[in-house]
Amino acid sequence: MTNQPLPSGDASAAAFDLAFLRERAAECRLTDEDLAALTGIPATDFDTHLTPQALPAAALFLLARALNTSPESLLRIPERATHLGPGAATHATVLHAALLEADRIQPDDLASALDWTPHRLKRAATTLAAHLDQPSSPHRLSHTDTTIHLTCVPDLLDPKQRQNLHNTGHAAASLAPGEAAALTRLLHRTARGLTSDLPADQIPRLANRRLLAPAGRQPTPQPDVLFALGLAAHPLMDNSGPAGSDKFTKDHCMSGALSC
């Protein structure tokens, strides 16, 4: 690439991620003619002629802007070229570190926190998932539309070990300020017998934390949470009844704490 240094790593090994480039072009409705105008190289010749050394920096930035992504996301560097210290960490490695810090988090929130585009997060997640899916790795990546987090390979810990971690409070991450505020307000309204006004964006967050009842049309605190606070007579016994059922209501009334 002229007039611009390559990303850290082995410059000679860097190459365009053509699969990602074409995917973004399709999503942005750019034709082969549009790509040729942006790069000066016919799209039919990309496989052999589109290289970081052949494309001027100005053209790379124009291409990235047209594809609504970052210039570096259009390039890929082999893993062997990126083991040069923290400054050269791959996106997958950065994502792994972030998930160790954040535990469960919504993908959009994580992308924003890392100052990434959603496309970069998606690609990093795909790479990380493949990297973790090895016999020697205790981690697996869980990635859905509403949450992304690391999980442990099943059966590495026996039930007693897992329960001991939960009993000592070392198995759950702390709540984010917004989550804590939303849960506190939900508990307050539940205790006063009022209808929930939980913001829609907080419902999947608290559900991911297993702090909401597993059934029901209206978001309701998980029965064990109410029991721990003295607002329910019994802990969660089963998940079969809806949140508004008579059994649920009876189990969550205690000494006038709820209006029954």
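Preceding this paragraph is the structure being described.
How each quantity is defined
Residues numbered from 1 in each chain as written. Predicted model: local features only at pLDDT ≥ 70, side-chain atom pairs only at ≥ 80, totals over all residues. Heavy atoms only, no water. Helix = DSSP H or I, 4+ residues; strand = E, 2+ residues; numbered from the N terminus. Contact = heavy atoms within 4.5 Å. Areas by Shrake-Rupley, 256 points an atom, 1.4 Å probe, with all protein chains shown as cover. Salt bridge = Lys/Arg side-chain N within 4 Å of Asp/Glu carboxyl O. Buried < 20%, exposed > 50% of the residue type's maximum accessible area, 1.4 Å probe, protein only. Arc of directions from axis to C-beta.

Undergrad: Quick one: what's the story with the overall build of the chain, residue by residue and with numbers?
TA: Within the chain, the secondary structure is distributed over 12 helices and 4 strands. Contacts spanning at least 24 positions in sequence make up 58% of the contacts within the chain whose residues lie at least 6 apart. Total accessible area computed for the chain in this model is approximately 15,300 Å², and 54% of it derives from carbon and sulfur atoms.

Undergrad: I'd like a description of the pattern of salt bridges, backed by residues and values.
TA: Counted according to the given criterion, the structure contains 4 salt bridges. Taking the shortest distance from any N to any O, the salt bridge between Asp133 and Arg140 comes out at 3.5 Å. Overall, Asp133 belongs to the exposed group, its relative accessible area being 51%. Here Arg140 falls in the partly exposed class, since its relative accessible area comes to 22%. Put simply, Arg185 and Asp197 hold a salt bridge, and the shortest N to O gap is 2.7 Å. With Arg185 in helix α9 (residues 177-191) and Asp197 in the loop between α9 and α10 (202-208), this residue pair connects regions lying 12 residues apart in the sequence.

Undergrad: Explain the side chain of His149 to me, using residue names and the numbers behind them.
TA: Within the fold, His149 resides in strand β4 (residues 148-152). Other than its neighbours up to four places away in sequence, His149 contacts Leu99, Asp103, Arg104, Arg140, Leu141 and Ser142.

Undergrad: Quick rundown of helix α4 (residues 57-66)? Include the residues and the values.
TA: Within the sequence span of α4, burial applies to Ala57, Ala59, Leu60, Leu63 and Ala64. Around the axis of α4, the buried residues are gathered within 160° of arc, so they sit on the same side. Exposed residues on α4 whose side chains face more than 90 degrees from its buried face are Ala58 and Arg65. Looking at the buried side of α4, the elements it contacts are β1 (15-16), α1 (18-27) and α2 (32-39). Asn68 lies just past α4 and shows a positive phi near 55°.

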